[in-house]
Each structure stands twice: as structure tokens, then as C-alpha cells.
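# An overview of the molecular structure
One-letter residues, chain by chain:
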Amino acid sequence: MATLTWKVGGAQGEGIDSTGDIFATALNRMGYYLFAYRHFMSLIKGGHTNYKVRVAESPVGYHGDDLDILVAFDQRTIDENAHELTEDGVLIYDSGKLKSPVIPDGLQVKLCPVPVTDMAKELGSPIMKNMVASGVSAAIVGLSADAFDSLIEERFGKKGESVVESNKAAVRAGFEFAMDRYGVLKKLPNPQPADDGGGHLFISGNEAVGLGALAAGCRFLAAYPITPATEIMYTALAHFPKYGGKVLQAEDEIAACIMAIGANYAGVRAMTSTSGPGLSLMQEAIGLAGISETPLVIVDVMRGGPGTGLPTKTEQSDLNELVYGSHGEIPRIVLTPSTVEECFYYTAEAFNLAEKYQCPVIVATDLYLGMSKQSVPVGAIDFEKVTIDRGELISDEELLALAPGEYRRYAVTESGISKRSIPGQKNGRFVAMSNEHDEGANEEIEDPETRVQQMAKRMRKLDAFDPSALGVEYDGPETTELTLVGFGSTRAQIGEAVKQLRENGAKVGHLQIKVVKPFPDALVKRYLSGAERIVVVENNATGQLAELIRARVGFHDKIHSCLKFSGDPFTVEEILAHCKLKQEVGL
Amino acid sequence: MATMKDFRTKNKPTWCPGCGDFTVLAALQKAVAELGLEPEQVALVSGIGCSGKISQYFNSYGFHSLHGRSLPTATGVKLANQDLTVIAAGGDGDGYGIGMGHFVHTVRRNIDITYIVMDNHIYGLTTGQTSPTSDRGFRSKTSPQGAAEEPVKAVETAIVNGASFVAQAFSGDVKQMTHIFKEAISHKGFALVNCFSPCVTFNKVNTYEWFKEQLVNVDELEDYQPEDVDHALRVLAETKGTVTGILYKQKRPVYHEVMSGASDVAAAKLDLRLPKEEQQALLQSFR
């Protein structure tokens, strides 16, 4: 599959994101499939930021190992990114600002100086340099100059006709300048728009989480701003209120999580979203949801830790906390979707699971999956495919048939699940309890038998949870010389690595683990049994997933870890190299 | 119509004989009955400590939550279903120690709930340590040489942060307490009632007698204007906070009517499904 990669870089606050977003959105509308990855720093202005877009003919979940076109607004962009350029690559730079750019020794690329800022100034405003740069890029890759028109009309329509016209003029100026000087550069990869009618959504994992929640009937979100999870709150703010859904910015993550518990208790489907440090603050509340048997949905968009760690970088190092966190022992479910589509459906399903099992359900993604925007085919995100199952709610009739005070919220049942009443229901009174309690929700900490009954009841409620539909996805033959295992956002790179290995004749499998608690022991065992070697690929330093697999299913000798914890996502090349696959499977 | 008895449970309170919390419970039961509320319309959210046990003895929906977390729990309940009467209850350690951050922010938001704090100036259930409202110099197991800190000025904090209803009551005066609870519950917006509720076992300083000697009842003062913030703060300063009555009230927008997503229909009663044309329009916005 032909793919073209394009990156724009400059100082933070310089409009890099909007340049990237406009270029990518326009291409998405033309029918290309895209993956857009943002590299940014934890500061507002200055520093270095870039936005990379991979353009393809069919869906891609990864931004690509190399780079065909680099648009540099400053020297630092060249210094930090030019080495990624392929031999036939193109370096477009702002020749007004970088009169004599330092080009790294031996860089064999086509240089395209364009005075983007000066041209934008002449047309009315230097901020339009992103439009000039988009026009330049369009010319060089062979798109038409009017590719951006409809997008500009939508984005700037509210600001008036003159703003629309000057932005269109800026694109054309860039386009014409580049056509005059450089023309379409034929050596570049030339992916074609997909032949599927276009109309792809261009959406991030965080946005898909927000939509999944909305589709599931979530009507309350309380959260505290934290990179890289804040976009979930923005998505909720943009779309919940239209349907009466409430969004609250809490004073801290403790409050956010507890508010979501209170709201769930009162009968609304409610959630919170956060990242590592916030999740740590929520641990006490997660235990509360567990013992009080209150449904709760939390989305954890992982970033580099520990402490405040790497706020703007990706990592998968919260796994242990997700699986083991909070004091005491509670039933919980932890889902790890691996694509944008799964962000949508797994979040939606989280609400069903939370109500069905009356326990906390955590959806764990990471910065790379959460903040990267990608194209998904029409119909891949479908509200109609979301089912709503509110679990064992006791009806008004059932309650009225009981003698007053007879309803037992925490009745010991074989399934471990007891019928839940909602405040407002007559005769359904109970106190949701943080303290240990009896079946009738009365505090009971002195009777060991009651304690054991209640604890055992809670702990067996997930016995009925069948991870087969959600838990894992396996691609490969029954026996392999090597099986790569991953969870979450590493899926696409593992997939591409597996494909390359197969093309070289290796017998390789790919196991994607999508539920980590309760761990899908039997399924993992089944798919890994036939592997000679197992390499677990994860973005952390200690191999938490590998550890979990060893603890749950064994295979100690066969398991090797491929780890990365620099803050950047894996490249395909790294997976191949790190695992020393080249030598061992004949690449 | 429900009577006071309907708000009782079979659970026998485990509070010490003579504990101030008994009258807080009785006054609350009387207040909700006199207001004509039914048990299923009320949710009582409590924190942890002796005071937190109140949800076990009060027959309504309840949530015995975490230490210091009764206010965010109650906020979640109210915002999910604004048709419920939501009461939060806890102690001074619970609310003004670990829960102080939530307290100030709940005041700022003006969540339409009543917050009852049983203030005994000590930690009771953990057997007698200094609390956030203990006076400076107060001797306890954790302050053998006398507390080095100034006490938290809870009602003043509420007032200066924009509370819309602030009152103090005393467990030795059930009649006034019941009246204040009724006013607080009827008030539209956040209502704080700080109740001086003596701990007869561990606090040998701030006893019923001590409070009786100190307390001034502003409800009985002819010239007291609860709408006048300066007046309220002046009286609190002059008396070092040892006053009872409705100290301050003002009209302010109620959070659930102005927040993102405010709706006449309670969130818990909304349709979960989006109309099909809305789904399509929503997805189109991601192109």
C-alpha cells in the first residue's frame, strides 16, 4: 500500500496544529485515509511542536516510520525532524524567516524554500501562513488548489466573507508559488483516494470515547482537566448539553470520580475521564464504587509517569494500577481498546458492564490512541450498533409488592448481583454503603459471617463475565515461530511488523489483548500455546503486560519483552529490531 | 403524608448516651416531615465518623460515602436528579479537614443541597484527637501541649465564598435547630447549617454548658439583618463565631439551572437514545 507522510513543525503557538488539521481534514474529505500524530510540549508558546500526517489508500492506525515531506517554520523543526526524511523526500521551509537554514550534512532531499510568512503578510495577516503552507503542500503532492475551499468556508464562514476570501487566496498563493518553482514532485509516493465513496470520519480516540458514552446514554460527566484526557471533556461539552447531558469541571479528580459515583447511584449513566495522576487520586473512590456496588465508568488516557512524568508523551504504564489499584479487594473490569472504533464501542459497552455488574469499569487508552486523529470508514462508528442494557434494576411494581423495609439492596445471590433501586422509587430505600454491611445495607462490621458472605458475593459477580467477545483478537496460524502480543495503541505497529515478517516467510501471530481485568486467561493460553516464542510489545519500562501474562497463564521461558518508554510511540522498525527479529526469523 | 416516625429506621444509634447528634437526627426527621416530604424523595449523603452514621438512622435513600467526600457525592446525586431533596451530613473533621476543598467549591457552585455539619470540635470515633474547629490551645491526644493552629472559621469561609444560606444551630436547642433545618431545606441553593453538637465522651471543654454560656441567638436580635453580609461577618467576629441562627442568606443562581447541560428534565429521567437524524448530524461534524 502506497502511503505518503507529511509533517509540519514550528514553535508551539505558531499555528502548527491548525496547519496540520486543515491539511489533513481536506485530504480526509477527498477520500484518503489518514493518521495524524501530534508531537507537543508541556508549554503554551515556544518550544517545538509538530503534526505528522500519513496519507493512505485504506485505514491506517499508525503515523509511519519515515517522512516524505517536511514543512519547517523554524530551524528547530529541521534539526529535530529532517533525519526522518526519505532520500526522495522534500524539505519545504519558510525562506523569509530562515534565510540561510542549516541543512544537516548528507541530507539527500529536495529543498523547497518558500517565503510563507512574508506571503501571508502581504495577503493581510501572518497567521495565514498555515494556508500558504497547505497550498504549497497541495501543489507538490499533486492535489488541486480548490481542495481546501469548502473547509475554509466552514471554518471561517462566521468571521465573514473577507476572511474566507483571504484564506482561499493564501492557499492559492502558496499553490501557485510552488507550481511555478517546483511543480508536482513525481518521485513522491502517490496514494490514491479510496474507492469507497469517501465520507470517512476524521476522529481521535478521545472524541470516539465521548461519542461512545453519548451513544450509550451517558448523561453526566465530571472531570478535571489533564493532558491527554481533556478532549474527552471537550467532546462531552460539545455534544452532551444538546441532549440534557450535564458536564462539570470538578475541583479535582477525587471530586470528579465521587460525583460520577453519586450520579450513577441516582440513576443516570455517569462517567469521569482522566490520566495517570488523576487516576491515582481516584483510587479511594474506585474502592467505594466496588463495595457500595455502584456502577462507575472511568476513562484513563495514559501518559508518561510516574509523578507528573511526561504530561505530553505516550506510555502504557498504568496497567498495574488499573488492575490492582485501590485498597482492599473489589470486582472491577478494565478494557483496553486498540483502535478508534473500539474506543467508541468499548466505552459504550463499559456502561452496560458497569450497570450489569454494579462495579467500576475502566476504559484505558493512551495519549497516542487518544489524541491522534484518524480516518475511519463510513459506518465503522454506528450508534445503532450500540445496545443499552441497564442490568438488574428493580421495578416499581416489584418494590410495591414487598412489605415496607423488606427490600434488600445487597441480597446475597448466586450470581453475586442484587437488584438495584434508584432514589425516588417508593419502597426501595437503601443506604449505599462504604462500610461493610448486611444484605439490608445496614452497617455490619462485627459479624464475620456477614463479612464473608458479602465479600464472597461481590467477588463472584464477575464469574459470569465472559471475555470471549471483547477480550482478545488473534491474527495468525495455530502454531507460530513467533507471536507478538500487545494491548491498546501499539496494535497498528505490531500489525505492520507482523505483515513485514510474513512477507519474509516467517510464521508469525499477533495477539491483541483488549480486556486486562478479569484477564482472559483461557483465550490467551489458547492462542499462545502454539507459539515457539512470544514477544510482548508495550510502552513501559517494566513489562507489566508480560508480567500479567506470566502470572495468569505462564509461558515464562517463552516470553520476551519489547519495551519503549521514551514517551514516543513505537516505530515498526523498532519492534522488528528490538526483538532481534531480523536475525532470528530471517528478515 | 409522612410523619416524623416514617423517617426513623429500626437501627438503634450507636452514639454515646448524651451525644449531640441525637437531637440533630430528631430535628432533621421533624423538619422533613413538617415540610411534607416523603422518604423516597430524600437522599441523605453522609461522610465518615460518628456523624456519618446518621444515614443509617434516617429513613430515606442514603449514601454512607467516604471520609470528607459527602459533598461531591451529594453533588452527583443532585445533578443526576434535581427532583430529589438532597441533604449532606458529616462532622467537622470530615467536612472541614479532609473535605475542605470540596466544601469551598460546593459553596461556589451553589449546588441546591443542605449541608449539616455536626461540629463537636474533636475527632470522636477515632477516640479524641484535635479537629479543624478545635480552639487554639485545645489539649487532646494529638495536641498534648495544646493545639498550635487557629480553628477553621467554617461559616465565615462559606459566607466569603458566596454561600447563599449559612446558619448555626445547637444540639441543646432542638426547636431552633428544627426551624433552621426547615429553612435550609426550603432554601433554593447551597445551605450550610453548622450544628454545635457536643461530644460528651472526649471533649471536656466544649460541653453543653460551655455552649449555653457562650452562644448568642441572632434570630432573637431585633436589628439582625441576615441579608447584610457585613453585619453577619461583624457579629461572627465579635462573638468569635459562637452564635446560632440564620446568619446569612442571599439569592444566587442555582448550579443545576445554569450548568452545561441544564435541563428541566432530571438527567436520570432523560431518554438514553439519540434520534437517528441527530446521530447522523453528529457524525457529520467529524468529517
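Not measured: the values here are computed from a predicted model.

The subject of this paragraph is the UniProt feature "domain: Thiamine pyrophosphate enzyme TPP-binding" (unreviewed entry) in chain B. As annotated by UniProt and renumbered to match this structure, "domain: Thiamine pyrophosphate enzyme TPP-binding" (unreviewed entry) occupies residues 48–195 of chain B. Helix makes up 35% of residues 48–195 of chain B and strand 22%. Its end C-alpha atoms lie 17 Å apart.

Turning next to the interface of chain B and chain A. The interface of chain B with chain A comprises 54 residues on the first partner and 70 residues on the second. When chain B packs against chain A, the two sides together hide about 5,100 Å² of surface, and 61% of this comes from carbon and sulfur. Ranking the residues of chain B by area buried against chain A places Y61(B), F286(B) and R287(B) at the top, with a combined share of 17%. On inspection of chain B and its partner chain A, the count reaches four salt bridges. The partner of K426(A) in a salt bridge is E40(B), with the nearest N and O atoms 3.3 Å apart. Remark: the boundary between chain B and chain A carries 30 residue pairs in polar contact (both at pLDDT 80 or more). For the side of chain B that touches chain A, the secondary structure elements donating two or more residues are helix 2 (54–57), strand 2 (61–64), helix 3 (70–80), helix 5 (100–109) and helix 11 (276–284) of chain B. The greatest single-element share of the side of chain B that touches chain A, amounting to seven residues, is contributed by helix 3 of chain B. Tallied by class, residues from the side of chain B that touches chain A come to 22 nonpolar, 22 polar and ten charged.

Residue and element names in this part refer to chain A. Their axes nearest at 8 Å, the elements helix 9 (residues 253–265) and helix 10 (residues 276–292) cross at an angle of 30°. Looking at the two axes, helix 9 sits roughly parallel to helix 10. When you trace helix 9 past helix 10, the crossing you get is right-handed. Where helix 9 abuts helix 10, its residues E253, I254, C257, I258 and I261 lie against G278, L281, M282, A285, L288 and A289. Looking at the contact of helix 9 with helix 10, its residues break down into nine nonpolar, one polar and one charged.

All names here are of chain A. The side-chain alternation of strand 14 (residues 373–376) yields two buried faces, one formed by K373 and S375 and the other by Q374 and V376. Sheet topology note: the strand 2 (residues 33–39)/strand 14 ladder contains two bridges and is antiparallel. Bridge pairing links A36 to K373 in strand 14. Looking at chain direction, strand 7 (residues 201–204) and strand 14 are connected through four bridges and run antiparallel. Across the sheet, L201 pairs through a bridge with V376, a residue of strand 14.

Moving on to the environment of T480(A). Residues and elements named next belong to chain A. Looking at the element boundaries, T480 is found in the loop between strand 16 (472–475) and strand 17 (482–487). On the basis of relative accessible area, T480 is assigned to the buried category, the value being 4%. Those residues in contact with T480, other than ones at most four positions away along the chain, are Y474, K507, V508, G509, G530, A531 and E532. Of the polar contacts made by the side chain of T480, one reaches the side chain of T483; its length is 2.7 Å.

Another aspect to go through is the layout of surface pockets. Residue and element names in this part refer to chain A. By volume, the largest pocket amounts to about 940 Å³. As for the largest pocket, its lining consists of 41 residues, of which P59, V60, G61, A492 and E496 are closest to the centre. Elements with a contribution of two residues or more to the lining of the largest pocket: helix 12 (340–357), helix 13 (367–371), strand 14, strand 16, helix 16 (491–503) and strand 18 (508–513). Among the residues making up the lining of the largest pocket, the classes are represented as 15 nonpolar, 13 polar and 13 charged.

It is worth spelling out the packing of aromatic side chains at this point. Throughout the structure, instances matching the rule amount to 22 aromatic pairs over all chains. On the numbers, 5.0 Å between centres and 85° between planes, the contact of W15(B) with Y57(B) is edge-to-face. In this pair, W15(B) is assigned in the segment before helix 1 (21–34) and Y57(B) in helix 2, connecting sequence segments 42 residues apart. Residues W15(B) and Y57(B) agree in their burial class; the two are buried. Linked through ring pairs, Y265(A), Y410(A), F430(A), Y61(B) and F63(B) together constitute an aromatic cluster. Geometry around F40(A) places R38(A) over its ring, the cationic atom sitting 4.7 Å from the centre. Just above the ring of F73(A) sits the side chain of K129(A); from NZ or CZ to the centre is 4.7 Å.

Turning next to the UniProt feature "domain: Pyruvate/ketoisovalerate oxidoreductase catalytic" (unreviewed entry) in chain A. Here the UniProt-annotated "domain: Pyruvate/ketoisovalerate oxidoreductase catalytic" (unreviewed entry) positions come out as residues 13–176 of chain A. In this annotation, residues 13–176 of chain A is assigned 40% helix and 24% strand; the end-to-end C-alpha distance for the span is 27 Å.

Turning next to the sheet that holds strand 18 of chain A. Residue and element names in this part refer to chain A. As summarised here, the arrangement of the five strands in space is 16-18-17-20-21, forming an open sheet in which the pairing is mixed. Two strands lie at the open edges of the sheet, namely strand 16 and strand 21 (559–563), each paired on one side alone. Here the average twist between neighbouring strands, direction ignored, is 20°. Pairing geometry for strand 17 and strand 20 (residues 534–538), over three bridges, is parallel. Bridge pairing in strand 20 links V485 to V536.

What counts and how
- Residues numbered from 1 in each chain as written.
- Chains lettered and ligands numbered in written order.
- Predicted model: local features only at pLDDT ≥ 70, side-chain atom pairs only at ≥ 80, totals over all residues.
- Heavy atoms only, no water.
- UniProt positions renumbered as here; feature names shortened; annotations may be inferred.
- Helix = DSSP H or I, 4+ residues; strand = E, 2+ residues; numbered from the N terminus.
- Contact = heavy atoms within 4.5 Å.
- Buried area = accessible area lost by both parts, 1.4 Å probe.
- Salt bridge = Lys/Arg side-chain N within 4 Å of Asp/Glu carboxyl O.
- Polar contact = N/O pair within 3.5 Å; in protein donor to acceptor, adjacent residues only side chain to side chain.
- Nonpolar A, V, L, I, M, F, W, Y, C, P; charged D, E, K, R; others polar.
- Axes fitted to C-alpha atoms, helices over the stretch in contact; angles between N-to-C directions.
- Parallel < 35°, antiparallel > 145°, perpendicular 65-115°, else oblique.
- Left-handed = near helix turned anticlockwise from the far one by under 90°.
- Buried < 20%, exposed > 50% of the residue type's maximum accessible area, 1.4 Å probe, protein only.
- Pairing = 2+ DSSP bridges.
- 1 Å grid on protein atoms, 1.4 Å probe; cavity = no way out; pocket = protein on both sides within 12 Å on 5 of 7 lines; lining within 4 Å.
- Points joined across faces, edges and corners; volume = space filled by probe spheres on them.
- Phe/Tyr/Trp six-rings, centres within 6.5 Å; stacked < 30°, edge-to-face > 60°.
- Lys NZ or Arg CZ within 6 Å of the ring centre and 35° of its normal.

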